[in-house]
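Observations on the model geometry
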Amino acid sequence: MSIADNIKAYTKELNSIGVKLVAVSKTKSNEDIMEAYQAGQRIFGENQVQEMLEKQEALPKDIEWHLVGHLQSNKVKYIAPFVSLIHGVDSLKLLVEIDKQAKKHNRVIDCLLQIYIADEHTKFGLGFDEAIELLESEEYQKLSNIRIVGLMGIATNTENPKQIKEEFYELHTLFKGIKASYFRNQDSFKEISMGMSADYKIAIEQGSTMVRIGSDIFGQRVIKHYKNTEN
Ligand SMILES: *Cc1c(COP(=O)(O)O)cnc(C)c1O
């Protein structure tokens, strides 16, 4: 199927159940993104700051850009003018920097706390206790130009669906606990970003509100070896 066909199929499947689609376009060309755009897609995810900047510059201005990968504090300033959601917030330090840069542009930037749910050491994220600690901290409570709208997690890359299911279940459970304790009256705290090409169906069963799909829409990525793989 073409990129446009894939977008249409996903949109049909997800719209009926109220789950948002983030089309993860990292490493893909502007032409590929435009094909998805013409098929109606408006939310695109990138994991490299430089790449997102170049695409944002060149492509239609009604695209909502989501930063889905790990973000280094010193790069926040480049995306602060336009980014619509930062999925990978994994420290108070990063949140403080996002707040500072958002202020300069008179914006409130929406963020998700990335929670570590995988059984792998390579993935970023906050532990459950660390997430609570962040939300309890005085420094966090002073921030006025960021808004935490939910949680994000990446499951273990495994063939074992039971394990993936348990990890997503844990994330949903933590979401409910945090919602009840810290965001009870805030309707904006409502997103659980979980699910990628290989595991989005399990994620949806476990309560995902936002799936991040790359290869299943755009085709396999050619693996690039960046010198600096972190943002
Ligand atoms: C690349 C990436 C995705 C998309 O992965 P696919 O398996 O291609 O769907 C989703 N989330 C994050 C954080 C990513 O880096």
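Along each chain, the written sequence defines residue order, and numbers are assigned to residues from 1. pLDDT decides what is reported in this predicted model: residues at 70 or higher carry local features, side-chain atom pairs at 80 or more are listed and counted, and totals for whole chains, interfaces and linings draw on all residues regardless. For side-chain calculations, the full set of non-hydrogen atoms in the structure is used, while hydrogens and water are omitted.

Let me state the cut-off plainly: UniProt positions are given in the numbering used here, feature names are shortened, and annotations may be inferred rather than shown by experiment.
An unreviewed UniProt entry annotates the protein chain as Pyridoxal phosphate homeostasis protein of Pelobium manganitolerans. Turning to the protein chain, the UniProt record has this under Function (unreviewed entry): "Pyridoxal 5'-phosphate (PLP)-binding protein, which is involved in PLP homeostasis."

So, helix 1 (residues 3–15)
As a reminder, the rule being used: A helix here means a DSSP run of H or I that spans at least four residues, while a strand means a run of E at least two residues long, and both kinds are numbered starting from the N terminus. A helix's residues, less one, multiplied by 1.5 Å, set its expected span. Accessible area is worked out with a 1.4 Å probe on protein chains only. A residue is then buried under 20% of its type maximum, exposed over 50%, and partly exposed in between. Picture the helix axis, draw a direction to every C-beta atom, and the arc is the one those directions span.
Helix length check: helix 1 (13 residues) gives 18 Å between terminal C-alpha atoms against 18 Å at 1.5 Å per residue, within 8%. Within the sequence span of helix 1, burial applies to Ile 3, Ala 4, Asn 6, Ile 7, Tyr 10 and Leu 14. All buried residues of helix 1 fall inside an arc of 155° around its axis, so they share one side.

Quick notes on the UniProt feature "modified residue: N6-(pyridoxal phosphate)lysine" (unreviewed entry) in the protein chain
According to UniProt, the positions carrying the feature "modified residue: N6-(pyridoxal phosphate)lysine" (unreviewed entry) are Lys 26. Looking at where Lys 26 falls in the secondary structure, it is placed in the loop between strand 1 (20–24) and helix 2 (30–38).

With respect to the pairing of strand 3 (residues 64–67)
To keep things clear, this is the line we draw: For two strands to pair, DSSP has to find at least two bridges joining them.
Where strand 2 (residues 43–46) meets strand 3, four bridges bridge the pair, whose relative direction is parallel. By the bridge assignment, Gly 45 is partnered in strand 3 with His 66. Across two bridges, the pairing between strand 3 and strand 4 (residues 85–89) is parallel. The residue bridging His 66 from the neighbouring strand is Leu 85, located in strand 4.

Remarks on the environment of Ile 204
To keep things clear, this is the line we draw: Pairs of residues are marked as contacts when any of their non-hydrogen atoms sit within 4.5 Å.
Within the secondary structure, Ile 204 is located in helix 9 (residues 200–205). Taking the C-alpha atoms as reference points, Ile 204 and Phe 189, separated by 15 residues in sequence, lie 18 Å from one another. Those residues in contact with Ile 204 that lie beyond four places of it in its chain are Leu 14, Ile 17, Val 19 and Val 211.

Side note on the pattern of salt bridges
Spelled out, the test is: Take a side-chain nitrogen of Lys or Arg and a carboxyl oxygen of Asp or Glu: if they are within 4 Å of each other, that pair is a salt bridge.
Under the defined criterion, the tally for this structure stands at 10 salt bridges. With a shortest N-O distance of 3.0 Å, Asp 99 and Lys 103 are connected by a salt bridge. In this pair, Asp 99 and Lys 103 are both assigned in helix 5 (residues 92–104), four residues apart and thus about one turn of the helix distant. Taking relative accessible area as the criterion, Asp 99 reaches 4% and is therefore assigned buried. The partner of Lys 190 in a salt bridge is Glu 191, and the shortest N-O contact between them spans 3.9 Å. Owing to a relative accessible area of 47%, Lys 190 belongs among the partly exposed residues under this scheme. Connected through salt bridges with shared partners, the residues Lys 20, Lys 190 and Glu 191 form a single ionic network.

Topic: the packing of aromatic side chains
Under the convention used in this document: In this scheme Phe, Tyr and Trp rings, the latter by its six-membered ring, pair at centre separations within 6.5 Å, and the angle between planes marks the pair as stacked below 30 degrees, edge-to-face above 60, and tilted otherwise. For a Lys NZ or an Arg CZ to count as sitting over a ring, it must be within 6 Å of the ring centre and within 35 degrees of the ring normal.
Per the stated rule, a full pass over the model turns up four aromatic pairs. Consider the rings of Phe 44 and Trp 65, whose centres lie 6.1 Å apart with planes at 40°: the pair is tilted. Here the residue Phe 44 occupies a position in strand 2, and Trp 65 occupies one in strand 3, the gap between them amounting to 21 residues. The class of Trp 65 is buried, set by a relative accessible area of 2%. Considering the side-chain rings of Phe 175 and Phe 189, the 5.0 Å spacing of their centres and the 10° angle between planes classify their relative orientation as stacked. In this pair, Phe 175 is assigned in helix 8 (residues 161–182) and Phe 189 in the loop between helix 8 and strand 7 (191–193), connecting sequence segments 14 residues apart. The exposure classification of Phe 175 matches that of Phe 189, with both residues buried. Following the ring pairs from residue to residue traces out a cluster consisting of Phe 175, Phe 183 and Phe 189. In this structure, Arg 42 packs its charged tip against the face of Tyr 37, placed 3.6 Å from the ring centre.

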